[in-house]
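This is what each chain is made of:
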Amino acid sequence: VSESHVSGRVRDLTSALHIADAGLDQAVNNLRTPSVADDVLQGTFSSGSFDILSVTNVGSQTYQVTARGTAGSEQRTVESVVRRSPKSIFQYALFGDQSVAVDGDAVTDSYDSRNGAYNPSNHQHNGDVGTNETASGGISVGGSIFVDGQLVVGNGTADPDSAVTGYDPVFVTGGTSPPSDTQDIVAQPGDFPMPAVSVPGGVTCSDLQVNGNELVSLTPTGGPLGDGTYCYTDLTVLGGGTLTATGNVKVYVTGELKLGGGNGSAGVGVPSDPTSMMLLLTSTAGATVGTLNGSVNFYGMLYGPGATVDISGNAQVFGSVVTSSVTVSGNAEIHYDEAVNTRTDISNLYTPTVISWREL
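All values reported here derive from a predicted model rather than from experimental measurement.

Draft legend 1. The sheet that holds strand 25 (residues 347–359), seen in detail. One open sheet accounts for five strands, arranged 1-2-3-4-25; its pairing is antiparallel. The open sheet has two edge strands with one neighbour each: strand 1 (42–45) and strand 25. This sheet shows a mean twist of 25 degrees between the axes of neighbouring strands, independent of strand direction. Bridging between strand 2 (residues 48–59) and strand 3 (residues 62–71) involves nine bridges; their strand directions are antiparallel. Paired with Gly59 across the two strands is Thr62, which belongs to strand 3. With respect to the sheet, helix 1 (residues 2–30) is in contact with strand 1, strand 2, strand 3, strand 4 (74–88) and strand 25, its orientation differing from that of strand 4 by roughly 20 degrees.

Draft legend 2. Spatial organisation of the pattern of salt bridges. Tallied over the entire structure, the rule returns eight salt bridges. Asp112 is paired through a salt bridge with Arg114; the nearest N and O atoms lie 2.8 Å apart. The buried category is assigned to Asp112, whose relative accessible area is 16%. By relative accessible area, which is 54% here, Arg114 ends up exposed. Linking Asp345 and Arg343 is a salt bridge whose minimum nitrogen-to-oxygen distance equals 2.9 Å. Looking at Arg343, the relative accessible area reads 8%, which means it is buried. Each member of the salt-bridge network shares a partner with another, and the members are Lys250, Arg343 and Asp345.

Draft legend 3. View of the pairing of strand 5 (residues 94–102). In this sheet, strand 7 (residues 129–131) lies alongside strand 5 in parallel orientation, the contact comprising three bridges. Residue pairing in the sheet places Gly96 in a bridge with Thr131 of strand 7. Of the pairings in the sheet, the one linking strand 5 to strand 23 (residues 316–328) comprises seven bridges and is parallel in character. Bridge pairing in strand 23 links Phe95 to Val322.

Draft legend 4. Up close: the pairing of strand 20 (residues 277–281). In terms of residue burial, strand 20 counts as a mostly covered element, since five of its five residues are buried. Every second residue of strand 20 is oriented toward a common face, with Met277, Leu279 and Leu281 on one face and Met278 and Leu280 on the other, all of them buried. Looking at chain direction, strand 17 (residues 249–253) and strand 20 are connected through five bridges and run parallel. By the bridge assignment, Val251 is partnered in strand 20 with Leu279. Across three bridges, strand 20 lies against strand 22 (residues 295–311) in parallel orientation. Each residue of the ladder has a partner; that of Leu279, found in strand 22, is Leu302.

Draft legend 5. Summary view of unusual backbone geometry. The omega angle of the peptide bond from Ser177 to Pro178 is 5 degrees, so this bond is cis rather than trans. With respect to the helices, strands and loops of the structure, Pro178 is situated in the loop between strand 11 (164–165) and strand 12 (185–187). Even without a glycine there, the phi angle at Ser60 is positive, about 50 degrees. In the Ramachandran plot, Asn213 falls in the positive-phi region, its phi being about 65 degrees despite a non-glycine side chain.

Draft legend 6. Summary view of the nonpolar core. By size, the foremost hydrophobic cluster in this structure holds 72 residues, and its most contacted members are Leu94, Leu218, Leu243, Val251, Leu257, Tyr303 and Ile311. If near-sequence neighbours (up to four positions away) are discounted, Leu94 is found in contact with Val102, Thr108, Asp128, Val129, Gly130, Ile311, Val321, Val326, Val328 and Ile334. Core analysis: the next-biggest nonpolar cluster, separate from the first, contains 16 residues, Ile19, Val28, Ile52 and Val82 among them.

Draft legend 7. Fine view of the state of the cysteines. Applying the stated criterion across every chain yields a total of one disulfide. Here Cys205 is linked by a disulfide to Cys231, with a sulfur-sulfur distance of 1.9 Å. Where Cys205 bonds to Cys231 through sulfur, the torsion about that S-S bond is close to 80 degrees, and the disulfide is right-handed. On the criterion of sequence distance, the pair formed by Cys205 in the loop between strand 12 and strand 13 (206–210) and Cys231 in strand 15 (residues 229–237) is long-range, its members being 26 residues apart. Overall, the relative accessible area of 31% leaves Cys205 in the partly exposed class.

Draft legend 8. Seen up close, the confidence of the model for the protein. Within the protein, residue pLDDT values average 93, and 98% of them lie at 70 or more. Per-element averaging of pLDDT across the protein places strand 21 (residues 286–289) at the bottom with 72 and strand 14 (residues 215–218) at the top with 98.

Procedures and definitions
Residues numbered from 1 in each chain as written. Predicted model: local features only at pLDDT ≥ 70, side-chain atom pairs only at ≥ 80, totals over all residues. Heavy atoms only, no water. Pairing = 2+ DSSP bridges. Helix = DSSP H or I, 4+ residues; strand = E, 2+ residues; numbered from the N terminus. Axes fitted to C-alpha atoms, helices over the stretch in contact; angles between N-to-C directions. Contact = heavy atoms within 4.5 Å. Salt bridge = Lys/Arg side-chain N within 4 Å of Asp/Glu carboxyl O. Buried < 20%, exposed > 50% of the residue type's maximum accessible area, 1.4 Å probe, protein only. Core = buried A, V, L, I, M, F, W, Y, C linked by side-chain atoms within 4.5 Å. Disulfide = S-S within 2.5 Å. pLDDT = per-residue confidence, 0-100.

The structure is reproduced here in structure tokens:
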């Protein structure tokens, strides 16, 4: 009887340690997203349960995590220090939180501006189109669109194909060369959070219209704060006009963003380095990149968690567009610049790394 009790206790002590480790694993998983609202703090297994006792920010994206495992009448507590690295929100050529509709003769593919300008002969195959939507029509494709990448639907979609309407495997490569139809449509491994955009304190907003044959250049030391932060209520760049930058700048738009229209082609951003210009749309902002009456070449990143973006006509985007809803039509081309993935100013996901572990 004594040996049975001893072996039972050893079993429970061992299980409690493993279950406590499972709690640490869950805490690390929680740290992958910026929100605590979706965090799981407890878990139950057939052999016991865990509780995440504390998650303390000890500075510079570093956290001290404590978890307790219980098995039978035994408990063990473990602690880890976890450092997390931010990931850029610009991971897609096109991403619409609620929907993406691509029609006409539109094209998506990718390149890396660090290796030079976009060239159709040596482009890459990461022109992914994504959404958080899981219902039918989350992604809608039609016409002769060509997606050199994957169609990525919301996390938890049992049948990813069901969230895409108009899918034709001939026009989707699945991100490989030669194309592979088996991975044309996939579901995200987890939710893709869309953090809110707010104008920094001390930054005032005004209207800006760049007319034809006019050039406006923003500087990384300009703006109200002297750090390359600018804000416009309505921002318009007409055909023939150019809005560029001499370094990394952030441009907030609280009203309407209109790029293109009129005579000639509008230029926005830095052709040699699309990572230099980031357009951030507040929840009330709407955007039109290109119109049927003109064209625009946009070199940069556009993020608007509550905005609806319409990309039409002969618009060309070299960078990334991530908004609430995206519509692409006409002969628009979206060339995802893989270099924008290095801009982590706006981060919705993190990569956690355990740097120490001990039992308490």
